[in-house]
Every structure is written in C-alpha cells, then in structure tokens.
Amino acid sequence: MISLSHITKVFPGAGDEHALSDVSLEIQDGDVYGIIGISGAGKSTLVRCINLLERPTSGTVTVDGQDVTNLSGKELRAYRHRVSMVFQGFGLLAQKTALENVCFPFLAANGKVTAADRIKATELLAKVDLADKVQSYPAQLSGGQKQRVAIARALATDPEYLLCDEATSALDPASTEQVLDVLRKVNEETGVTVVVITHSMDVVEKICNNVAVLAHGKVVEQGTVKQIFADPQADTTKALLGRASWNV
C-alpha cells in the first residue's frame, strides 16, 4: 500500500509556490487509482513525490509500511525498481528497436543484456499486444504503439507499482482505448498497482476503481469512482464532469 501523509511541496522562488498542500491519501495494493485535476492542480508533482523524483517539503511517503521519504543511494535505486513510471512523452530511444528499448532497464542495471533478458522483453511486448513490432523503430510506430512499448519497458523490472503520468493525453481516442486496455490487462494479470494521472474523467471512468480530485494543490474529493460520478461534492469535480461551470 502507498500512503501519502500530509504531503506539502513548495518550489522556492517568487512567492514560494505551494504545488501541494497537506495532501493525504491511500492507494491499496492491486488497485487502479486515478488522480485527476486540470493543468496546474499538482497531480504530476504528487506522482513524482511517490517515486521521489520530487522530494516533499514536508509529510511522508510510506510504501508497504516503510517510510521511503528520505531514501538515497542504493536504497533509493532499489525502491525505484519497485515503482516504475510511464510518461506522456514516451521517452523511447529513437535509434533503438522496440525490443532494445524494453531491454534498456537491464542494460542500465547490469551493463549488459542477456539472452534471458531478450526473451523477457519479447514476452513483455507480447503482453502489450506488440509481438509483431519487436524489430520496429519508434519512427515506425503510432503514438499508441510507442506508449505500449513504454509500458513494456516499465514492466521490465517487475514493479509492484506503475505510475502513469498523463500516459494517454497525447493520444487519439482509439489509441487511448488500446493503452487503457493494456493497463487494465496488466493490472488483472500481474496484480501490479496502477496509478493513473489524468485530466480526463473519461479515462477515470474506463479504468479506475478509486479516484482523488486535486485543485490548487489540495485534495478536494476522494472516493470510489462510482461514488464520485453518482454524487460529486466538490465544485471542481462537478466541473470536470460537465455538471457545473469552471468558476471554481
């Protein structure tokens, strides 16, 4: 379980901007959990605090009972093997095939790629429905296919948690559906906990079980997706659902 307790993140500068203010939430093992808000709400900063790409200014990140907030060095690297991330921009190496991209975590960790690594990478590409694209380069792939390669690469370290930061926001509706189907299948087949950062309530409705709504760096509402859709309480949630104006 991921437990965020009173997370605050302040970026020093003019006015010391509070990107996050006293955020607390729990993500249960095996869940598909959505964190939603408009641009600037703090959702990407929050997910980066989970894998410590950003350090909280205050508060704690606890994973499976361990306070990981101040990990560094070898312990931090080991923790990040458990928490993989998928980004909006794919982050694939242009001069490497899909197979080589998925093998990159093995190369980074061990300085080499073994035959067993290549077999595992091939199996991961099959898992994301890209068995026929093993030798394709990113320029030969659609946006949805690139993102599925990125998901396969993120799974190479056998993570317990998969953080998806706006993973579908650059995709067309058909590609979005394919990527969400893959994430759902990965969750069901492997039990990996999936955290979905998005600005789309459609994405939340299609894939998530539980959701937290962020506005101005604060959690304004959280609960099951069914509860939130049936009876939204916060003005931001109502606006995201198209049931209120954006004067919030």
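Here the structure is a predicted model, which is why all the values come from computation and not from measurement. Once a new chain begins, its residue numbering starts again from 1 and follows that chain's sequence as written. Where totals are concerned, whole chains, interfaces and linings use all residues; where local detail is concerned, this predicted model gives features only for residues with pLDDT of at least 70, and gives and counts side-chain atom pairs only at 80 or more. Side-chain figures throughout are based on the complete set of non-hydrogen atoms in the structure, without hydrogens or water.

Moving on, we get to the packing of helix α3 (residues 98-110) against helix α5 (residues 143-154). At a minimum axis distance of 8 Å, the contact between α3 and α5 shows a crossing angle of 30°. On the basis of their axis angle, the class for α3 and α5 is roughly parallel. The hand of the α3/α5 crossing is right-handed. Contact residues: Ala98, Asn101, Val102 and Pro105 in α3; Val149, Ala152 and Arg153 in α5. Ten residues, namely Ala, Val, Leu, Ile, Met, Phe, Trp, Tyr, Cys and Pro, are considered nonpolar, four, namely Asp, Glu, Lys and Arg, are considered charged, and the remaining ones, Gly among them, are considered polar. The residue makeup of the contact of α3 with α5, split by class, is five nonpolar, one polar and one charged. Only the contacting stretch of a helix is used when fitting its axis, a line to C-alpha atoms as for every element, and angles between N-to-C directions run 0 to 180 degrees. Runs of H or I in DSSP of at least four residues are treated as helices and runs of E of at least two as strands, each being numbered from the N terminus. Put simply, angles under 35 degrees are roughly parallel, angles over 145 are roughly antiparallel, angles from 65 to 115 are roughly perpendicular, and the rest are oblique. Here a crossing is taken to be left-handed if its near helix is turned anticlockwise relative to the far helix by less than a right angle, and right-handed if that turn runs clockwise. Residue contacts are counted whenever heavy atoms from the two residues lie within 4.5 Å of one another.

Time to look at helix α6 (residues 173-190). In this scheme, a helix's expected span is set at 1.5 Å multiplied by one less than its residue total. With 18 residues, α6 should cover 26 Å at 1.5 Å per step; its first-to-last C-alpha distance of 26 Å lies within 8% of that length. Burial in α6 covers these residues: Ser175, Thr176, Val179, Leu180, Val182, Leu183, Val186 and Asn187. Angular distribution of buried residues about the axis of α6 spans 155°; they occupy a single face of the element. Turned more than 90 degrees off the buried face of α6, the exposed positions are Pro173, Glu188 and Glu189. Where the residues of α6 are buried, they touch β3 (32-36), α4 (115-127), α5, β7 (161-165), β8 (193-198) and α7 (201-207). Gly191 sits one or two positions beyond α6 and adopts a positive phi of about 80°. A 1.4 Å probe rolled over the protein chains alone gives each residue an accessible area, and that area as a share of the maximum for its type sets the label: buried under 20%, exposed over 50%, partly exposed in between. Arc definition: it is the arc formed by the directions from the helix axis to the C-beta atoms.

Pairs of strands are assigned from DSSP output, requiring at least two bridges between the strands. Spatially, four strands are ordered β2-β1-β4-β5 in an open sheet, and the strand pairing comes out antiparallel. The sheet is open, and its two borders are formed by β2 (17-27) and β5 (66-67), each paired with just one other strand. Relative to β2, strand β1 (residues 2-11) runs antiparallel, the two sharing seven bridges. When the bridges of β2 are listed, Leu4 appears paired with Leu25. Relative to the sheet, helix α1 (residues 43-50) contacts β1, β2 and β4 (58-63), its axis offset from that of β2 by approximately 60°.

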